[in-house]
Amino acid sequence: MTIIVQKYGGTSVANPDKILAAAGRAIRASQEGHQVVMVVSAMGKNTDMLVELARQINQRPSARELDMLLSTGEQVSAALMAMAIDSLGHRAVSLTGSQIGIQTDSTHTKARIISISTKRIEQLLSEGQIVIAAGFQGIDENYDITTLGRGGSDTTAVALAAVLGAVRCEIYTDVDGIYTTDPNILSSAQRMPQVSYDEMLELASLGAGVMHSRSIEFAKKYAVPIQVRSSLVDGPGTLIRKIPADLSKAVCGAVLAEDEALVTLAGVPDIPGSSSEIFSQIASQKITVDMIIQNVGKKGQTGLSFTVPRDELEMTLGVIEQVRGTLQIKKVSHSTDVSKVSVVGSGMAYQPGVAKKMFRSISDADINVLMITTSQIKISVLVRRSDAPRALEAVHQTFELDTPVENGSSNPVEPPPPRAEEERADVVDRLRGMEDLVIDDISLDTDQSRITLERVPDQPGIAALVFERVASAGIVVDMIVQSHLDQDGLANISFTIPRADLVACQDLCQQIAEQLPCQGISNSPQAAKLSVSGIGLRSHTGVARRMFQALGSGGINVELTNTSEARVNVIVAAEQGDLALSVVKAAFADITAR
Ligand code: ADP
Ligand code: ASP
Ligand code: MG
């Protein structure tokens, strides 16, 4: 008999009628011959209500007690669901995270799953019962209740599907699939019939709240097909699965992360190890840093900017305060008036001019870009909060995400095929903990050059102009980083190109510089790109930490950095490339050796 996991989000269990409807759906799947495991979230906005209740009593409740409190929301739903199934004449048992044996680490409010014991669930399923698991929760080695982070029931569901070898994990929610962007923000968004793990992981990690990004890490590692569907209307929904990248399409989706915070450190001593220390400390608090920009050093000092989710700003500033004295950081500033707009697509690495197209569309909407970072699979820009919805709309339209996707609603996709055992990544068997980091490769490309246009006017259209000119000369740009130099209304634009194009690009930049104006061009003709690739690299905050620590203690200066869920890249001087490769390989040896 095949196992199916069905997960019901908060809106799908918000009241007795919805609980009964979900119960009916699970019973139907059981009658079709499947063994059914349900994962339920807290009813409606119950979790928000509990958080608010806690804050009314204590402004800074301890993470342990928050977990104790929040886990009750899912328990209520699970028990009610079992009662609903019973009332419809079928047998069901509800289980908490600890009853299932979802063992996690002790990072309260953001715990990661170490293992899940399947024995009890399998026993109950074989007795013909529907098993209902309370989502979002686990238990640590001290038997303390932990939670997996907001939205974490998706992760419970996919993790259960993985360990039980389910044929698929169905996610029932209040939208009928994954859209090209949040349909509640942009009504022109289109449903995607299917999306690859890599693209979905990046979309979720950049802020598409429809799926918990860690659930996609599980899905990719364990090859679990996910079907996202509406709990209200029947339809094919969206399949998230392993599919070859559609190289004909540069961009598959756009994301708006409204609540970002920008932190800028000025006057940081430009010595190897400074940024390592800062990011290590931040990562140790499990704070996910996204757009990291280190300005090219001047007079022994450098500037460092990065973004963190707004609700983690306070914690981030606390960490910086602790290292500020030791590292002699002159000035720390921050802004919460910023939002991040990103486009994602596996095909963008194979199509020239995607970046310039994005920058042009934003500049045509008369919006100034504060920061830019890119990776193989995404481009993110930071803009003022008030400009962000218009920026999202502009890029969504430019990349024709508002035109119905082929194979759309009138032509449903085949249901996912049964999961082939051999498709399960063999690396999984070597993991000590289920959510452990996977590193596939650590490599070095020594044929790169970096160019920086220094102190260009920070106004709409500058990035579009630079990258249109570079693209029209047939030069393929890899990494792009634009920083905003706070005080002066100026920006630095850095990018990497193949070394063979350096001379041509240098001449071109000279012309651009005269036109802009720009206060100077610097370059690093002999640059090397060190890449670490795997799964979930940004959300496992330990990756950046290990990398920076290793490079810092090897005395290696990092010129540029970019991160995505699939890859972390750093640019270093080519002469230090081999050393960088060996120290980073050594830093990850315990993982790659498994
Ligand atoms: P649940 O409670 O079922 O887990 P969530 O609120 O977590 O539901 O996720 C569903 C919501 O995700 C939708 O209502 C939608 O507003 C939002 N969303 C964000 N990005 C997307 C997207 N790309 N496609 C579909 N929905 C999205
Ligand atoms: N109830 C939790 C939350 O609201 C977990 C979830 O819904 O996935 O974040
Ligand atoms: Mg959710």
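Here the structure is shown first, and the text comes after it.
Reference entry: report on the structure contained in this document. All figures in this text were calculated on a predicted structure; none of them were measured in a lab.

**Things to note about the site of ligand 1**
Around ligand 1, the structure places 17 residues, and the nearest of them are Thr173, Asp174, Tyr179, Asp182 and Asn184. In this structure, Asp174 approaches ligand 1 through a side-chain N or O atom, which is 2.9 Å from an oxygen atom. Here Tyr179 contributes a backbone N or O atom positioned 2.9 Å from a nitrogen atom of ligand 1. Surface burial for ligand 1 is 81%, taken as the share of its 570 Å² of free accessible area covered by protein chains. Taken together, the residues that form the shell around ligand 1 break down as seven nonpolar, seven polar and three charged.

**Some points on the packing of aromatic side chains**
Counted under the stated rule, the structure contains six aromatic pairs. With 5.0 Å between their ring centres and 10° between their planes, Tyr8 and Tyr172 make a pair best called stacked. One end of the pair, Tyr8, is in strand 1 (residues 3–8); the other, Tyr172, is in strand 9 (residues 168–173), and 164 residues separate them in sequence. The exposure classification of Tyr8 matches that of Tyr172, with both residues buried. The positively charged end of Lys221 is found above the aromatic ring belonging to Phe218, 5.8 Å away from the centroid.

**Considerations on helix 1 (residues 16–31)**
Given a rise of 1.5 Å per residue, 16 residues ought to cover 22 Å, and the 22 Å separating the end C-alpha atoms of helix 1 matches this to within 8%. Looking only at helix 1, the buried set comprises Ile19, Ala22, Ala23, Gly24, Arg25, Ala26, Ile27, Ala29 and Ser30. For helix 1, the side-chain oxygen to backbone nitrogen distance between the N-cap and Asp17 is 3.2 Å, and the N-cap itself is Asn15.

Conventions we followed
Residues numbered from 1 in each chain as written. Chains lettered and ligands numbered in written order. Predicted model: local features only at pLDDT ≥ 70, side-chain atom pairs only at ≥ 80, totals over all residues. Heavy atoms only, no water. Near = heavy atom within 4 Å. Polar contact = N/O pair within 3.5 Å; in protein donor to acceptor, adjacent residues only side chain to side chain. Areas by Shrake-Rupley, 256 points an atom, 1.4 Å probe, with all protein chains shown as cover. Nonpolar A, V, L, I, M, F, W, Y, C, P; charged D, E, K, R; others polar. Phe/Tyr/Trp six-rings, centres within 6.5 Å; stacked < 30°, edge-to-face > 60°. Helix = DSSP H or I, 4+ residues; strand = E, 2+ residues; numbered from the N terminus. Buried < 20%, exposed > 50% of the residue type's maximum accessible area, 1.4 Å probe, protein only. Lys NZ or Arg CZ within 6 Å of the ring centre and 35° of its normal. Expected span 1.5 Å × (residues − 1).

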